[in-house]
Amino acid sequence: MTGWSSPEGTPTGQTAHERTPTVGDNGAVEPTGRVIVALDFDNRRAADQIVDRLGDECRFYKVGLELLTAAGPDLVKHLVAQGKDVFLDLKLFEIPNSVAGAVRAAGALGVSMVTVHSMGGSGMMGSAVAAARDFPQLRVLALTVVTSMTNSDLADVGVHDSTEAQVLRLARLAQHAGCHGVIASPQEAGPLREVMGPRTLIVTPGVTLPGESPTEHARPGTPRAAIAAGASHVVVGRAVTRAADPVAALRLVRADLGL
């Protein structure tokens, strides 16, 4: 399994699920999979409804803690069985052995990406990467600084550098630990690409469409700006899932990206 993945090209290998992955075995990212739709719901029915409405328009979904807690792992299995890629956003932050076990459980579900918290350190991240080796389709991504945090929030917990400096520091730590990529805001995509090189997966939640309020995100950016700066993937949520016409909304996002 390659350590880092390029945002260019088309994958040629097959995953353990006998389908062409959005993140390929050869380390490439399929262009149509660069937009991940966040299923930020508190119940399975709402998630199933949006997946059904989007149909073949969307191949990649993010499942976070809220939906996983409400709906359980069967939802993830269902998405994978439909041929969808799943970004399981767990933000794991525990002792290395516990994190390794959770990563193996995620791999057994068939997900394509799982997140660990980079503040857990090299040992924890290294254990996650080692646990993922039995699952060729699985990429371990390290969360750097959540998109709601500001410089003053970091100062509250004793970090007196800027958010960008902290993101870059933790990204280097993640790279050294063997993680396949990082999670950061759109505003750090450019600096990260410069520092981490062309094969890093850089996944950016916190994207907002032009004219849309950033709501809970303190460091937002548009999907186009994030991709142009070097993001391999962007995560879109309510702008698509709460739209009157989710299919049209997702097509607008992809059209803006030239996909």
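Each chain has its residues counted from 1, running along the sequence as written. Confidence filtering applies because this is a predicted model: local features only for residues at pLDDT of at least 70, side-chain atom pairs given and counted only at 80 or more, and all residues used for totals across whole chains, interfaces and linings. To obtain the side-chain values, all non-hydrogen atoms of the structure were used and water was disregarded.

On to helix α4 (residues 96-109). Secondary structure follows DSSP: runs of H or I at least 4 residues long count as helices, runs of E at least 2 residues long count as strands, and numbering of each begins at the N terminus. Multiplying 1.5 Å by the helix residue count minus one yields the expected span of that helix. Under the 1.5 Å per step criterion, the end-to-end length of α4 is 20 Å for 14 residues, consistent within 8% with the ideal 20 Å. Relative accessibility thresholds used throughout: buried, under 20% of the residue-type maximum; exposed, over 50%; partly exposed, between the two (1.4 Å probe, protein chains only). Among all positions of α4, only Val99, Ala100, Val103, Ala106, Gly107 and Leu109 are buried. Only heavy atoms matter for contacts: two residues are in contact if any of them lie within 4.5 Å across the pair. As for α4, its buried residues are in contact with α3 (73-81), β3 (85-92), β4 (113-117) and α5 (121-132). Glycine 110 lies just past α4 and shows a positive phi near 95°.

Attention now moves to the pattern of salt bridges. Within this document, salt bridges are pairs made up of a side-chain nitrogen of Lys or Arg and a carboxyl oxygen of Asp or Glu, the two lying within 4 Å of each other. Counting across every chain of the model gives nine salt bridges. The partner of lysine 62 in a salt bridge is aspartate 40, with the nearest N and O atoms 3.6 Å apart. Residue lysine 62 is found in strand β2 (residues 60-63), and its partner aspartate 40 is found in the loop between β1 (35-38) and α1 (44-54); the two are separated by 22 residues along the sequence. You can call lysine 62 buried: its relative accessible area is 9%. Its relative accessible area of 25% is what places aspartate 40 among the partly exposed residues. Because the salt bridges share partners, they merge into one network encompassing Asp40, Lys62, Asp89 and Lys91.

On to unusual backbone geometry. Despite not being glycine, lysine 91 shows a phi value in the positive range, around 50°. Position of lysine 91 relative to the elements: it lies in strand β3. Look at lysine 91 and you get partly exposed, because its relative accessible area is 31%.

Residue alternation in β1 divides its side chains into two sets, Val35 and Val37 and Ile36 and Ala38, and both sets are buried. By this definition, two strands are paired if DSSP reports at least two bridges between them. Where β1 and strand β8 (residues 233-236) come together, three bridges link them in parallel fashion. Counterpart to valine 35 in the pairing with β8 is valine 234. Handedness of a crossover is defined as follows: with both strands directed away from the viewer, a clockwise route from the first strand across the helix to the second makes it right-handed. As for the winding sense of the linkage, the β-α-β connection from β1 through α1 to β2 is right-handed.

Purely spatial values, then, with no claim about function.
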